[in-house]
Amino acid sequence: MSSEQPQKHLYSRGEVDPTAEDSLGKIARRIPSDSTVLDVGCAVGALGRYLSQANRCVVDGIEANVDAAETARPYYREIFTLDLESDDIKDALTGRRYDVIVCADVLEHLRDPGELLKTLSPLLASDGQLLISIPNVGHVGVVMELLDGDFRYREEGILDATHLRFFTRRSLLRMLDEHGLHAEIVDTTVTDLAHSEFGDRDRQALADYLFAGSPIDDDFFSYQFIVSAVPKLAKTESEDPATTGSTEPVGPRCHPQIYWRTVDEAYDEERSAITSSPRGHGEQLLRLEIPRSPLLRMLRINLSDVPGVVALHSLRYLQGDNEIWRWDPTTGDPFRSDSYNHLIRLNDESATPALYMLSSIPAWAEVTAQIPGSPTETCVEMVLAAVPPAASLELIRSYLSEVDERTRAAIADITLRRDADRITRERILKSRIRYLERERRELFDDFGVRIRQHEEKEALLEQRIADLLSSTSWRLTAPVRLATEQLRTRLRPVGQPGPDPSSVPEDQIDDEDS
């Protein structure tokens with residue numbers, strides 16, 4: 001690497017974890033204790049620090065970047081500030097021999113990596129080996145971008161803008177062979193699209209469905225190759241079969257995660273544990289530890305970080321060797337139904353395995369059983385299987401068909417009830433109308449009777465008045481009535497109007513004139 005290139009954060013790694021699944025962790029596991037190691041392109045010295053402090057190795061380093069070399073210096077016997085393509089490495093390291101020479105994420109940055117390998121090979125001890133990590137340009141992420149008509153460089157990753165050479169398994173082994181090395185791919189790092197720089201979930205789903213069941217190479221999901229190489233003349237007939245390949249399933253992976261909290265707390269990342277599981281390899285036993293606590297806690301499980309269908313075969317809590325709770329399918333769903341988030345149960349609650357569709361991410365549910373306080377850690381053990389895409393589609397179709405059938409039955413029942421209610425309401429309404437009509441007729445009949453009775457009374461009164469007016473007694477008493485009226489007139493105060501002459505009967509007027 002040229003000293004003029006700026007140091008990038010990608011290579012400023014933290015502490016090496018020998019149990020990790022990244023390239024440095026896998027390389028560290030392959031370096032025996034007390035070895036003499038040359039770390040080529042050592043950057044800030046993460047690998048050298050682990051090897052010298054935890055593995056008692058003697059480590060030299062080569063680093064072109066002066067600042068990075070100074071950071072790494074305390075962990076190395078000697079740091080050589082050399083450009084890998086322009087400086088004379090052979091002269092600088094004359095007389096040195098190494099049990100292991102490491103080229104971790106280095107060769108892809110060189111114009112001619114084969115020349116560097118030819119220079120490094122003579123520096124190996126008689127039984128020494130080269131350990132190399134290098135990106136796989138045949139990874140599904142690159143392939144999917146090519147299918148999409150793209151090939152985009154980035155700040156880091158497989159298509160790092162500083163990468164000058166790209167390799168697949170075959171081209172890498174061919175290059176090593178052409179430069180006098182017998183090499184084997186002894187391990188890989190596996191990264192699916194969702195957890196890579198190509199992290200497009202739509203593209204991940206498309207890749208799963210396009211290539212599910214296809215006769216493709218396992219390297220389709222390999223992100224990096226870990227290579228062990230020795231000079232051809234040093235290759236012996238007997239080789240350790242344990243180093244011929246990785247037994248870890250390759251392919252896309254999912255990452256189940258658990259969260260815990262007390263009654264008064266909220267779930268957060270600080271109180272969580274995550275694990276990794278290969279997808280498409282059947283049932284996987286997963287164990288996650290929860291720290292000890294005297295308090296009762298609730299547990300939430302994110303079954304996967306990739307949309308799809310997951311089968312939960314078993315779930316239990318262990319404290320030490322004691323099983324304190326186990327999900328029994330006969331008791332129903334292990335999760336509280338009111339806590340489902342982007343999660344759909346696809347089969348009956350009493351069925352096992354329990355099939356869940358993750359419609360979006362994140363998806364989770366809270367376990368019905370709480371974790372009792374304990375002075376020891378609690379282990380959550382579950383057996384999960386990511387259902388392959390083709391089977392997932394069939395399960396989802398079956399579920400939707402059942403939902404559709406239940407919906408039609410519910411609609412038919414509602415329609416039947418509605419029609420029954422409508423008929424009942426119509427009957428009640430018709431009965432009330434008949435009652436009101438009858439009541440109306442009765443009222444009209446009663447009203448007619450009352451009118452006739454009133455008319456008869458009125459006619460009777462008119463007849464009696466006519467008889468009275470035509471009677472002799474009425475005419476004989478007319479002078480008396482007239483005199484009475486005149487007397488009243490005389491006694492009436494001044495200004496008070498007298499009787500209306502029109503109101504005086506004609507016979508009275510005639511009598512007065514006479």
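This section reports on the structure supplied with the text.

## Considerations on a negative patch on the surface
Then comes step 1: Taken together, the side chains of E455, E456, E458 and E462 define an acidic patch exposed on the protein surface.
Then comes step 2: Take E456: it is sitting in helix α9 (residues 389-469).

## Remarks on the environment of D192
Then comes step 1: Looking at the element boundaries, D192 is found in the loop between β6 (181-190) and α8 (201-211).
Then comes step 2: In this structure D192 comes out as buried when scored by relative accessible area, which is 1%.
Then comes step 3: As a C-alpha pair, D192 and S222 span 30 residues in sequence and 8.4 Å in three-dimensional space.

## Points about the pattern of salt bridges
Then comes step 1: Considering all chains together, one arrives at 34 salt bridges under this definition.
Then comes step 2: As a salt-bridge pair, R154 and E145 come within 2.5 Å of each other at their nearest N and O atoms.
Then comes step 3: Where D268 meets R271, a salt bridge forms, and the shortest distance between an N and an O atom there is 2.8 Å.
Then comes step 4: On the accessibility criterion, D268 (26% relative accessible area) is partly exposed.
Then comes step 5: Taken together, the salt bridges that share partners define one network made up of R287, R316, E323, R326 and E381.

## Considerations on the pairing of strand β4 (residues 98-104)
Then comes step 1: A large share of β4 lies buried, amounting to six of its seven residues.
Then comes step 2: For strand β1 (residues 36-40) and β4, the ladder comprises four bridges, and the chain directions are parallel. Looking across to β4, one finds that D39 is bridged to V102.
Then comes step 3: As defined by bridge partners, β4 adjoins strand β5 (residues 124-135) across six bridges and the pair is classed as parallel. From the neighbouring strand, V102 faces β5, where its bridge partner is L131.

Reading the values: the criteria
Within each chain, residues carry numbers counting from 1 in the order of the written sequence. Thresholds applied to this predicted model are a pLDDT of at least 70 for local features of residues and 80 or more for the giving and counting of side-chain atom pairs; totals over whole chains, interfaces and linings are not thresholded and use all residues. Side-chain measures here rest on the full set of heavy atoms in the structure, leaving out hydrogens and waters. Any residue with relative accessible area above 30% and no salt bridge may belong to a patch, with like charges joined within 9 Å and the nonpolar Val, Leu, Ile, Met, Phe, Trp and Tyr side chains within 5 Å. Values of accessible area rely on a 1.4 Å probe in the Shrake-Rupley scheme; residue burial ignores everything except the protein chains shown. In the sections that follow, a salt bridge refers to a side-chain nitrogen of Lys or Arg positioned within 4 Å of a carboxyl oxygen of Asp or Glu. The charged-residue count follows a simple rule in which Lys and Arg add positive charge and Asp and Glu add negative charge, with His and chain termini not counted at all. Charge positions come from single atoms, namely NZ of Lys, CZ of Arg, CG of Asp or CD of Glu. Think of it this way: any DSSP run of H or I at least four residues long counts as a helix, any run of E at least two long counts as a strand, and we number them from the N terminus. Note on classification: 1.4 Å probe, protein chains only; a residue is buried when its accessible area is under 20% of the maximum for its type, exposed when over 50%, partly exposed between these limits. The rule for pairing is simple: two strands pair if DSSP sees at least two bridges between them.

It is worth stressing that arrangement in space is one thing and function is another; only the former is reported here.
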